[in-house]
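Coordinate inspection notes
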Amino acid sequence: MTLPAGWTARRPTLDDVPAILAVVHAADTFAIGHPDFDAEDVKAALAAPHVDPARDSWLVTGPDGVAVAWAIVDNPTGIGREFVDVYVDPERGAPLRAPLLARQLDRTAERAAERGLPALTVRCAACAPETRWATELAAAGFARVKRYVRMNRSLADLPAEPPPPAGVTVRSLRPGDEADLRLFHRIFDTAFRDTPDHEPLDFDQWREQLPSYGKVWDEWFVAEVDGEPAGALQSADQALEHDSGWVRTLSVLPAYRRRGVGAALLRRAFATYAAKGRAAAGLGVDLANPTAPVTLYRTVGLIEMHWVDMYERSVAATGV
């Protein structure tokens with residue numbers, strides 16, 4: 001990547017978190033209307049288990065020393081797809097996005113070779129206002145494969161939590177109980193096996209990821225039908241900066257779908273968020289997921305806020 005005179009591309013460190021956050025806030029405000037990252041999110045991205053900032057990330061600064069672009073490649077599980085993010089200040093960094101993407105695709109080819117794979121699938125996201133970025137992704141060989149919708153509801157007018165349907169009970173997860181954690185994992189893993197993007201993790205791998213979702217254990221729930229495990233809801237703390245509760249996953253076993261289990265779990269989560277004084281609740285929906293219950297979400301008061309398209313291409317390993 002050739003930069004104009006005075007511009008610099010270098011590898012970021014944790015000392016660069018404030019500069020990176022400024023770039024991400026500018027990018028997110030343009031894309032979705034508000035910042036969606038905080039400093040802890042940036043630190044977590046740079047310190048992720050499958051990220052080496054000295055090889056997997058770039059920070060670009062202008063002649064004035066101000067950061068205008070940040071790129072990073074990650075794979076949260078260390079298996080399956082790679083994810084490339086390229087954030088730019090829309091006022092000054094837009095021309096940098098395509099060349100930074102090219103650098104990250106080259107790095108992905110190296111990562112494939114390091115893992116002994118012939119190729120890796122790469123995904124990038126584009127929001128509605130990012131028309132230039134969507135065009136650049138297409139020019140780089142990406143194709144749109146799915147759309148995610150973010151849904152929210154205010155908790156100011158939350159009605160009292162109604163009784164669950166007959167036979168359905170909802171209880172809090174017991175995080176200190178190994179057997180209960182294993183039960184929660186089994187529900188989650190089984191419920192998502194019929195979704196196209198599910199990358200199964202064994203219990204130990206899944207457990208290693210738990211700290212990244214925050215310490216909101218009292219916002220995790222298990223549902224039972226006539227005493228049998230039927231569903232689970234996992235919250236995360238990623239929306240706390242917006243004074244919002246966040247449903248990371250809602251899992252209902254196939255045998256218990258359309259029996260009010262999902263709604264009972266959501267209502268319990270919303271009531272818990274409201275009791276803590278949260279102003280809103282939200283979640284993301286994969287519209288390609290055959291079990292995505294958008295109608296259910298609407299019945300519990302969630303409404304669509306904005307969408308994100310996911311683009312994908314394959315990258316051959318270096319030397320292949």
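Model, not experiment: these values are computed from the prediction. (Residues numbered from 1 in each chain as written. Predicted model: local features only at pLDDT ≥ 70, side-chain atom pairs only at ≥ 80, totals over all residues. Heavy atoms only, no water.)

A closer look at the overall build of the protein
- Broken down by element type, the protein carries nine helices and 12 strands.
- Each principal axis of the C-alpha atoms in the protein carries an extent, and together these give about 70 × 45 × 35 Å.
- Long-range pairs, those at least 24 residues apart, make up 71% of the contacts in the protein with a sequence separation of at least 6.
- Carbon and sulfur atoms provide 55% of the accessible area of the protein, an area that totals close to 14,700 Å².
- Taking the average place of the 35 positive charges on the side chains of the protein and the average place of its 44 negative ones, the gap between the two points comes to 3 Å. (Helix = DSSP H or I, 4+ residues; strand = E, 2+ residues; numbered from the N terminus. Contact = heavy atoms within 4.5 Å. Areas by Shrake-Rupley, 256 points an atom, 1.4 Å probe, with all protein chains shown as cover. Lys, Arg positive; Asp, Glu negative; His and termini not counted. Charge placed at Lys NZ, Arg CZ, Asp CG, Glu CD.)

Describing helix α4 (residues 97–114)
- The end-to-end C-alpha distance of α4, which contains 18 residues, comes to 25 Å, matching closely the 26 Å that a straight helix rising 1.5 Å per residue would cover.
- Listing the buried residues of α4 in full gives R97, L100, L101, Q104, L105, R107, T108, A109, R111 and A112.
- G116 lies just past α4 and shows a positive phi near 70°. (Expected span 1.5 Å × (residues − 1). Buried < 20%, exposed > 50% of the residue type's maximum accessible area, 1.4 Å probe, protein only.)

Considerations on the domain arrangement of the protein
- When the domains of the protein are assigned, the result is domain 1 (8–141) and domain 2 (151–307).
- The C-alpha centroid of domain 2 is placed 29 Å from the C-alpha centroid of domain 1.
- Counting residues at the interface gives 16 residues for domain 1, matched by nine residues for domain 2.
- In total, about 1,000 Å² of surface goes out of reach between domain 1 and domain 2, with carbon and sulfur atoms giving 44% of it.
- The largest per-residue losses of area from domain 1 upon contact with domain 2 belong to T77, I79 and R81, which jointly make up 38% of the total buried on that side.
- Here domain 1 and domain 2 share zero salt bridges between them.
- Where domain 1 touches domain 2, the interface holds one residue pair in polar contact (both at pLDDT 80 or more).
- In terms of residue count, the dominant contributor to the side of domain 1 that touches domain 2 is strand β5 (residues 119–127) (three residues).
- A class-by-class count of the residues in the side of domain 1 that touches domain 2 yields eight nonpolar, three polar and five charged. (Domains from an automatic or database assignment. Buried area = accessible area lost by both parts, 1.4 Å probe. Salt bridge = Lys/Arg side-chain N within 4 Å of Asp/Glu carboxyl O. Polar contact = N/O pair within 3.5 Å; in protein donor to acceptor, adjacent residues only side chain to side chain. Nonpolar A, V, L, I, M, F, W, Y, C, P; charged D, E, K, R; others polar.)

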